Amino acid sequence: AIVGCSGTWRKDFHRTRIGYGDSNARECPPIGMESHRIEDNQIRASSMLRHGLGAQRGRLNMQAGANEDDYYDGAWCAEDDSQTQWIEVDTRRTTRFTGVITQGRDSSIHDDFVTTFFVGFSNDSQTWMMYTNGYEEMIFHGNVDKDTPVLSELPEPVVARFIRIYPLTWNGSLCMRLEVLGCPVTPVHSYYAQNEVVATDDLDFRHHSYKDMRQLMKVVNEECPTITRTYSLGKSSRGLKIYAMEISDNPGDHELGEPEFRYTAGIHGNEVLGRELLLLLMQYLCREYRDGNPRVRNLVQDTRIHLVPSLNPDGYEVAAQMGSEFGNWALGLWTEEGFDIFEDFPDLNSVLWGAEERKWVPYRVPNNNLPIPERYLSPDATVRN
Ligand SMILES: *[C@@H]1O[C@H](CO)[C@@H](O)[C@H](O)[C@H]1NC(C)=O
Ligand SMILES: *[C@@H]1O[C@H](CO)[C@@H](O)[C@H](O)[C@H]1NC(C)=O
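Definitions and limits used
- Residues numbered from 1 in each chain as written.
- Chains lettered and ligands numbered in written order.
- Predicted model: local features only at pLDDT ≥ 70, side-chain atom pairs only at ≥ 80, totals over all residues.
- Heavy atoms only, no water.
- Near = heavy atom within 4 Å.
- Polar contact = N/O pair within 3.5 Å; in protein donor to acceptor, adjacent residues only side chain to side chain.
- Areas by Shrake-Rupley, 256 points an atom, 1.4 Å probe, with all protein chains shown as cover.
- Nonpolar A, V, L, I, M, F, W, Y, C, P; charged D, E, K, R; others polar.
- Helix = DSSP H or I, 4+ residues; strand = E, 2+ residues; numbered from the N terminus.
- Buried < 20%, exposed > 50% of the residue type's maximum accessible area, 1.4 Å probe, protein only.
- Disulfide = S-S within 2.5 Å.

Asker: Explain the site of ligand 2 residue by residue, including any values.
Answerer: With respect to spatial proximity, the complete set of residues near ligand 2 consists of Asp-111, Phe-113, Asn-171 and Gly-172. Separating an oxygen atom of ligand 2 from a side-chain N or O atom of Asn-171 is a distance of 2.3 Å. Protein burial of ligand 2: of its 360 Å² of free accessible surface, 40% is covered by the chains. Grouping the amino acids of the shell around ligand 2 by side-chain chemistry returns one nonpolar, two polar and one charged.

Structure, rendered in structure tokens:
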């Protein structure tokens, strides 16, 4: 597949405007849809026709792959023409927008391009301000063919973080490519330094004791009460609760059709990196959600995420107390009773396959929630492998 990094932004499709005196209103440069300075996860759309025509393909001069139905195709195309569709760019900083450049779909077969559209702006991607001409939402006139870029300037620049294009009419299917003109108002690092994971990120990378971990999870829950919930899976032999953090737009609810996902760390109590990574991840998801990071919002809205930072807290405590200088590789690896949880999953497959052969599924044996076989729970269970 050919990725559209060729072609440059050309000055020759400018339209001059009258009454352009204010130097502050001068046109801003492209923010980087075409150059990829804007990353894929900063571009979002209401829908896509298929993966190869996702929002990330909606960059100016993006080229289609060689074949029809290529995995990398030549535009963003919306799935369904009937509802209101949009494509959105998150600049991740406060930006003064001065215009957009639109283009149709790169294709040897299709004649798809947007002929008119509205433009909206937002600081949080929740509340949108539509661009008006003073009386009503202003209609911008876009493309007349699929290839030629057309510049639409905003008569008055707008300051915001997000910009959206709402196509109103189009030829063929609803497809477009886009560049945005904007100047940063705030320095680059204002959003990045706080939240984004970049090479220079200043992470607070220290070990969290059981108490510190519990405290941190409490703080995350207080910072993001609408999307988080902490709960306990049960207690360890030493009586420490095994905490989980649920992150979802409806914490506590099993939403039909929504996938559930769990990361579990600290299975070997003395292997500690996973615990810190999950604690950082929950802070990141909370903060980014609040700041309207579209990718994180999608994750939280469309998935029920469970993070279990320490499945073997007893082992962690034993190893941490002794310290790496005096402990050995095995100290704290297993549970108090000597189980290696990493290799000690109950074998539920045999139970299910056996039941299926007997045609007991799903009436006599359910296939959605298999009980733990009794011999795993009996008090005289010995170390198994
Ligand atoms: C976004 O916030 C800035 C101030 O930080 C404000 O000037 C601007 O009008 C806001 N834009 C929108 C679309 O609400
Ligand atoms: C608009 O699309 C139709 C097919 O949907 C095509 O036949 C026609 O040539 C297109 N119009 C232009 C101006 O390209």
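The discussion continues.
Asker: Which residues make up unusual backbone geometry, and what are the values?
Answerer: Between Val-361 and Pro-362 the backbone carries a cis peptide bond, its omega angle lying at 0°. Looking at the element boundaries, Pro-362 is found in the loop between α6 (348-357) and α7 (374-377). For His-36, which is not a glycine, the phi torsion comes out positive at approximately 70°. Secondary-structure assignment places His-36 in the segment before β1 (43-45). Residue classification places His-36 among the partly exposed residues on the basis of a relative accessible area of 29%. Positive phi outside glycine occurs at Ser-125, with the angle close to 65°. The buried category is assigned to Ser-125, whose relative accessible area is 5%.

Asker: Can you explain the state of the cysteines? Please cite residues and give values.
Answerer: Every disulfide links exactly two cysteines, by a covalent bond between their sulfur atoms. Inspection of the entire model under this criterion finds three disulfides. Each disulfide pairs two cysteine sulfurs, and for Cys-77 the partner residue is Cys-175, the sulfurs being separated by 2.0 Å. Disulfide Cys-77-Cys-175: the torsion about the S-S bond is 110°, which places it as right-handed. Of this pair, Cys-77 sits in strand β2 (residues 76-77) while Cys-175 sits in strand β8 (residues 175-184); the two residues are 98 residues apart in sequence, bridging distant segments of the chain. Cys-175 shares its class with Cys-77; the two are buried. Note that Cys-224 is cross-linked by a disulfide to Cys-286, the S-S spacing being 2.0 Å. On the sign convention where negative is left-handed, the bridge of Cys-224 and Cys-286, at about 85° about the S-S bond, is right-handed. Of this pair, Cys-224 sits in the loop between α2 (210-223) and β9 (228-235) while Cys-286 is found in helix α3 (residues 273-290), placing the two residues 62 residues apart along the sequence. Owing to a relative accessible area of 3%, Cys-224 belongs among the buried residues under this scheme. On the basis of relative accessibility, which here comes to 1%, the residue Cys-286 falls in the buried class.

Asker: Before we move on, could you go through the site of ligand 1 and cite the residues and values that matter?
Answerer: Near ligand 1 the following residues occur: Phe-121, Asn-123, Val-159 and Ala-160. In isolation ligand 1 exposes 360 Å². Once the protein is present, 46% of that is buried. In terms of residue class, the shell around ligand 1 is made up of three nonpolar, one polar and no charged.

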